[in-house]
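Results of the structural survey
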Amino acid sequence: MNRIISMILFVTAGLMSVGAQTTANQTYFPYPTPPGTMENFYDRCNYMTEHFWDHCNFKSAFSSHDRLKGAFGDYISMVAHASVDTAMMSINNLIKSVEKVNARNLLVLGKIARATLLTDTSEIYSEQLYYPFAKAVADCKKIPEADRKPFVREARILGSTQEGMIAPNFEFVKLDGTKGHLADLKGKRVLLFFEDPENNSTHMLQVRLSADYNLKQLIEKDYITVLNIYPGKPDAQWIAKASDLPATWTVGSSVSVGDLFDLTNPPVIVYLTGEQKILSKSLDKDRLLNMLQILNQSVKQPEKVTE
């Protein structure tokens, strides 16, 4: 990945010289070179994203999955700096090119895309970029059904939980045994926290949020509601621990929520607007805490009604 970032810096500065060309010659196939007159960094990334696969021979490229995976990683590092429209157009063109030559190779491409974009070790984690690959594999009838099955599930989940979409409603059971629904919280901004007791990072973030001053203030101001969900059937041990969570949080469990949201890369936090539109997903700890601080500073304490 560092190799391609260095190349971006070369081309951005207009320095695609012999040294940079040597780097390019080490790639799986020739990468594009932006016009020398194109000086803006993001314009160059858009150009390289759009033309990245121009010199790739898709009939032979899948002969080395490791080298193709390396090239795909380089490609995604370009896509990450490109405009959304350019990125999605390029991804769709890549999928069409692969399918045209050998549709079965979409399975290999899908697996490479998943490893690059959807794991806890992904340098660039993006459900939005991964979704078109999952859907392409899921829809390809030339791939055996058993191989398509995980992609079908991912495409179904990601196809309804992208940022800007209305979050799917689900039922949960509260600690007191009563039932609730996400839809019950419509009209309130919701910080939807999916708990994973086996994941230390999730537990540490849960503890941090429990003690966060800004989140406490936002709850007190009736600006945010925290919905802490355990995605499974609760046992006595979890109930005991969950009882120690802030009384201002709504805490519950749901055995079905794992079929509605992608929970493979914890911690998973979904921030919903009052209309239950997904505003953001899986913010890292620092970005989340910074967002809460900014919100708390901007939201006024509601005035108390006096007789």
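Side note on the overall build of the protein
- Secondary structure summary: the protein contains 12 helices and seven strands in total.
- In the protein, buried positions account for 46% of the 307 residues.
- Restricting the contact set of the protein to residue pairs at least 6 apart, pairs at least 24 apart contribute 67%.
- Summed over its atoms, the accessible surface of the protein is roughly 16,400 Å², and 50% of this surface lies on carbon and sulfur atoms.

Some points on the environment of Gly274
- Inspection of the secondary structure assignment puts Gly274 in the loop between β6 (268-272) and β7 (278-281).
- Overall, Gly274 belongs to the buried group, its relative accessible area being 14%.
- Between the C-alpha atom of Gly274 and that of Ile224, which follows or precedes it by 50 residues, the distance is 9.4 Å.
- When near neighbours in sequence (up to four residues on either side) are disregarded, Gly274 contacts Lys186, Gly187, Lys188 and Arg189.

Comments concerning the packing of helix α6 (residues 105-117) against helix α7 (residues 127-139)
- In the contact formed by α6 and α7, the axes pass within 9 Å of each other and the chain directions differ by 155 degrees. Judged by the angle between their axes, α6 and α7 are roughly antiparallel. Pair α6 / α7 crosses with left-handed handedness. Residues Leu106, Leu107, Leu109, Gly110, Ala113, Arg114 and Leu117 of α6 pack against Leu129, Tyr130, Phe133, Ala136 and Val137 of α7.
- Taken together, the residues of the contact of α6 with α7 break down into 10 nonpolar, one polar and one charged.

Section: the pairing of strand β4 (residues 224-230)
- Within β4, seven of the seven residues are buried, which leaves it mostly tucked inside the rest of the structure.
- Side chains of β4 alternate between two faces, with Ile224, Val226, Asn228 and Tyr230 and Thr225, Leu227 and Ile229 buried alike.
- Sheet analysis places strand β3 (residues 189-194) next to β4, joined by six bridges and oriented parallel. What sits directly across from Arg189, in β4, is Ile224.
- Where β4 lies against strand β5 (residues 250-253), four bridges are found, and the strand directions are parallel. Among the inter-strand pairings, Ile229 is bridged to a residue of β5, identified as Gly252.
- Since β4 and β5 lie parallel, the crossover through helix α11 (residues 236-242) that links them has a hand, and here it is right-handed.

Describing the packing of aromatic side chains
- According to the stated counting rule, one finds 16 aromatic pairs in the structure shown.
- Measuring from ring centre to ring centre gives 4.4 Å for Tyr31 and Phe52, while their planes differ by 40 degrees; the resulting arrangement is tilted. Taken together, the positions of Tyr31 in the loop between α2 (18-25) and α3 (41-51) and Phe52 in the loop between α3 and α4 (65-79) put the pair 21 residues apart, joining distant regions of the chain.
- Taking the relative accessible area as the measure of exposure, Tyr31 reaches 7% and is therefore buried.
- Both rings, one in Phe52 and one in Trp53, keep their centres 5.1 Å apart while their planes meet at 70 degrees; by these two values the pair is edge-to-face. In this structure, Phe52 and Trp53 share a single accessibility class: buried.
- Grouping aromatic residues by their ring pairs yields a cluster made of Tyr28, Phe29, Tyr31, Phe52, Trp53, Phe58, Phe72, Tyr75 and Phe133.

A short note on the pairing of β3
- In terms of burial, β3 is a largely internal element, five of the six residues being buried.
- Inspection of the sheet shows β3 paired to β6 by five bridges, in the antiparallel sense. From the neighbouring strand, Leu191 faces β6, where its bridge partner is Tyr271.

Description of helix α10 (residues 213-220)
- Taken as a whole, α10 has its buried residues at Asn214, Leu215, Gln217, Leu218 and Ile219.
- Two residues or fewer past α10, Asp222 is found with a positive phi of approximately 60 degrees.

Re the pattern of salt bridges
- If you walk through the whole model with that rule in mind, you get five salt bridges.
- Put simply, Lys135 and Asp139 hold a salt bridge, and the shortest N to O gap is 2.7 Å. One end of the pair is Lys135 and the other is Asp139, both in helix α7 and four residues apart, which spans about a single turn.

What about the sheet that holds strand β2 (residues 179-181)?
- Taken together, seven strands build an open sheet; the order of strands is β2-β1-β5-β4-β3-β6-β7 and the sheet is mixed. Unpaired on one side and paired on the other, β2 and β7 mark the two borders of the sheet. Taking the axes of each pair of neighbouring strands and ignoring which way they run, one obtains an average angle of 30 degrees across the sheet.
- α10 rests against β3 and β4 of the sheet, and its axis sits at about 115 degrees to β4.
- Set on the sheet, helix α12 (residues 285-298) makes contact with β3, β4 and β6; between it and β6 the angle comes to about 25 degrees.

Cut-offs and rules
- Within any chain, residue numbers begin from 1 and follow the written order of that chain's sequence.
- Two thresholds apply to this predicted model, a pLDDT of at least 70 for residue-level local features and 80 or more for giving and counting side-chain atom pairs, whereas whole-chain, interface and lining totals are computed over all residues.
- Computation of side-chain values covers all heavy atoms of the structure but excludes hydrogens and water.
- Working definition: helices are DSSP H or I runs of at least four residues, strands are E runs of at least two. Numbering for both runs from the N terminus.
- Whether a residue is buried, partly exposed or exposed follows from its accessible area with a 1.4 Å probe, protein chains only, as a fraction of its type maximum: under 20%, in between, or over 50%, in that order.
- For this analysis, residues touch if any pair of their heavy atoms sits within 4.5 Å.
- Only the protein chains shown count as cover for residues, and all accessible areas are computed by the Shrake-Rupley method using a 1.4 Å probe.
- Helix axes are fitted only over the stretch in contact, all axes being lines through C-alpha atoms; the angle between N-to-C directions runs from 0 to 180 degrees.
- Should an angle fall under 35 degrees it is taken as roughly parallel, and over 145 as roughly antiparallel, whereas 65 to 115 is taken as roughly perpendicular and any remaining angle as oblique.
- For any pair of crossing helices, the crossing counts as left-handed if the nearer helix is rotated counterclockwise from the farther one by less than a right angle, and right-handed if it is rotated clockwise.
- Side-chain classes follow a simple rule in which Ala, Val, Leu, Ile, Met, Phe, Trp, Tyr, Cys and Pro form the nonpolar group, Asp, Glu, Lys and Arg form the charged group, and the remainder, Gly included, forms the polar group.
- For two strands to pair, DSSP has to find at least two bridges joining them.
- Clockwise travel from the first strand over the helix to the second, with the strands pointing away from the viewer, marks a crossover as right-handed.
- Ring geometry is summarised as follows: Phe, Tyr and Trp rings, the Trp one being its six-membered ring, pair when their centres sit within 6.5 Å, and such pairs are stacked at plane angles under 30 degrees, edge-to-face over 60 and tilted between the two.
- Any Lys or Arg side-chain nitrogen found within 4 Å of a carboxyl oxygen on Asp or Glu counts as a salt bridge.

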